[in-house]
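Letter by letter, the chains look like this.
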Amino acid sequence: MRVKKTIWIFFMTMLFATLVLIVNSRIQLSGEVILGGAEDAFVKVDNLKQPLDEFGLYGKNLEGLDYPDIDITDWQYVLINSENPSTTFEPKVKEYKNSGVYFASDAIANLNNLISAAKEAGFTPYINCAYRDYSSQQFAFTSKANQLTWDDTYTYEEAVEITKSIIAYPGTSDHQTGLGIDILDKQYYELDYSKMDKEFFAWMDEHCAEFGFIKRYPGSKKDVTGWDEPWHYRYVGVEAAAFIMENNLTLEEFVAHYR
């Protein structure tokens with residue numbers, strides 16, 4: 001009995017110490033973060049390293065990697081997410097082959113090369129969604145929230161919270177950067193990864209970095225990004241993409257190193 005009591009006391013002591021560390025880690029200074037060097041894109045956010053560290057990422061020795069020598073304020077590294085929101089960021093975009101889909105002007109050639117390579121490999125890539133500005137994201141979000149209230153099952157406030165897990169809140173979507181794009185193996189009316197061509201995505205994951213793209217929201221990193229969207233790719237440039245994909249990183253982890 002005495003041994004069990006000693007173990008119990010030790011366990012409770014360690015639990016209390018862990019809780020103290022968590023509480024203390026929450027007490028962080030806020031700072032101004034610039035989104036990719038964009039003019040008027042300064043926003044007040046919590047220190048980016050803090051929310052990442054909550055997931056124990058720095059315990060995985062991410063800083064021990066040989067990161068590329070880059071300028072993190074360059075346009076292709078812009079980070080927009082729940083920790084780095086922006087209502088004003090507007091990239092320079094260009095229409096992709098008269099498709100009604102718009103993508104970052106400076107990276108559209110890379111997108112064309114990726115799509116062409118996928119076709120040459122025997123696939124039929126379909127672009128489901130690319131650039132979406134703040135107003136469009138706001139409309140999509142509000143429409144979904146309103147839809148959830150139609151049968152009075154949820155109040156609007158409850159519907160908004162549920163919608164946050166389905167659609168990125170306005171100002172937090174990677175699509176707003178003009179560098180994020182959903183690429184599928186064909187057109188789907190419902191995005192269900194279990195029904196998609198795994199060979200196509202295996203090819204995309206193996207070759208996307210050659211054209212400067214990364215898998216933006218892999219299911220294995222949902223605790224970091226908040227999203228599980230295996231069809232969402234993001235342009236970051238060939239050098240950064242090769243490093244990120246090789247080391248199984250997210251854009252959040254990559255950017256955090258430089259900040």
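Numbers given for residues are sequential positions, taken from 1 along each chain in its written order. Given that the model is predicted, a residue must reach a pLDDT of at least 70 before its local features are reported, and side-chain atom pairs must reach 80 or more before they are shown or counted; all residues, however, enter totals for whole chains, interfaces and linings. Only hydrogens and water are removed before side-chain values are computed, so all heavy atoms of the structure are retained for them.

Things to note about the nonpolar core
In terms of nonpolar packing, the biggest core is built from 33 residues, with Phe103, Leu111, Ile181, Ile183, Phe213 and Tyr233 touching the most fellow members. Listing elements by their share of this core, those giving two or more residues are β4 (102-104), α3 (108-120), β6 (180-184), α6 (198-207) and β8 (229-235). The leading source of residues in this core is α3, at six residues. Listed in part, the 17 residues of the second largest apolar core include Leu79, Ala209, Val236 and Val255. Nine residue types can take part in a nonpolar core, namely buried Ala, Val, Leu, Ile, Met, Phe, Trp, Tyr and Cys, and a core is a set of them joined through side-chain atoms within 4.5 Å. Accessibility here uses a 1.4 Å probe with only protein chains present; expressed as a share of the type maximum, an area under 20% marks a residue as buried, one over 50% as exposed, and anything in between as partly exposed. Under the scheme used here, helices are H or I runs from DSSP no shorter than 4 residues and strands are E runs no shorter than 2 residues, and both carry numbers assigned from the N terminus.

Focus on the pairing of strand β7 (residues 213-217)
A regular strand places its side chains so that they alternate between the two faces of the sheet. Counting buried residues in β7 gives five out of five residues, a clear majority hidden from the surface. One requirement defines pairing of two strands: DSSP has to find at least two bridges between them. Pairing of β7 with β8, which is carried by four bridges, proceeds in the antiparallel orientation. By the bridge assignment for β8, Lys215 is matched with Tyr233.

Side note on helix α9 (residues 251-258)
Where burial is concerned, most of α9 is hidden: six out of the eight residues are buried. Inspection of α9 places Leu251, Glu252, Glu253, Phe254, Val255 and Ala256 among the buried residues, and these make up the whole buried set.

Considerations on the pattern of salt bridges
Here a salt bridge means any side-chain nitrogen of Lys or Arg lying within 4 Å of a carboxyl oxygen belonging to Asp or Glu. Overall, the coordinates contain six salt bridges when judged by the stated rule. One salt-bridge network, held together by shared partners, links Asp174, Arg216, Arg234 and Glu252.

Focus: the packing of aromatic side chains
For this analysis, a ring pair means two rings from Phe, Tyr or Trp (six-membered ring only for Trp) whose centres lie within 6.5 Å, classed as stacked if their planes differ by under 30 degrees, edge-to-face if by over 60, and tilted for the remaining angles. Tallying each qualifying case throughout the model produces 14 aromatic pairs. Here Tyr77 and Phe254 contribute two aromatic rings whose centre-to-centre distance is 6.2 Å and whose plane-to-plane angle is 50°, an arrangement assigned as tilted. Here Tyr77 is found in the loop between α2 (49-53) and β3 (93-95), whereas its partner Phe254 is found in helix α9, with 177 residues between them in sequence. Take Tyr77: its relative accessible area is 6%, and that puts it in the buried class. Exposure remark for Phe254: the relative accessible area of 0% places this residue in the buried category. An angle of 55° between the planes, with centres 6.0 Å apart, marks the rings of Phe243 and Phe254 as tilted. Of this pair, Phe243 sits in helix α8 (residues 238-246) while Phe254 sits in helix α9, placing them eleven residues apart in sequence. In our convention, an over-ring charge means Lys NZ or Arg CZ found within 6 Å of a ring centre and within 35 degrees of that ring's normal. The ring of Tyr169 carries the charged tip of Lys164 above its face, separated from the ring centre by 5.3 Å. It is Lys198 that lies over the ring of Tyr193; its NZ or CZ is 4.7 Å from the centre.

None of this, on its own, says anything about what the molecule does.
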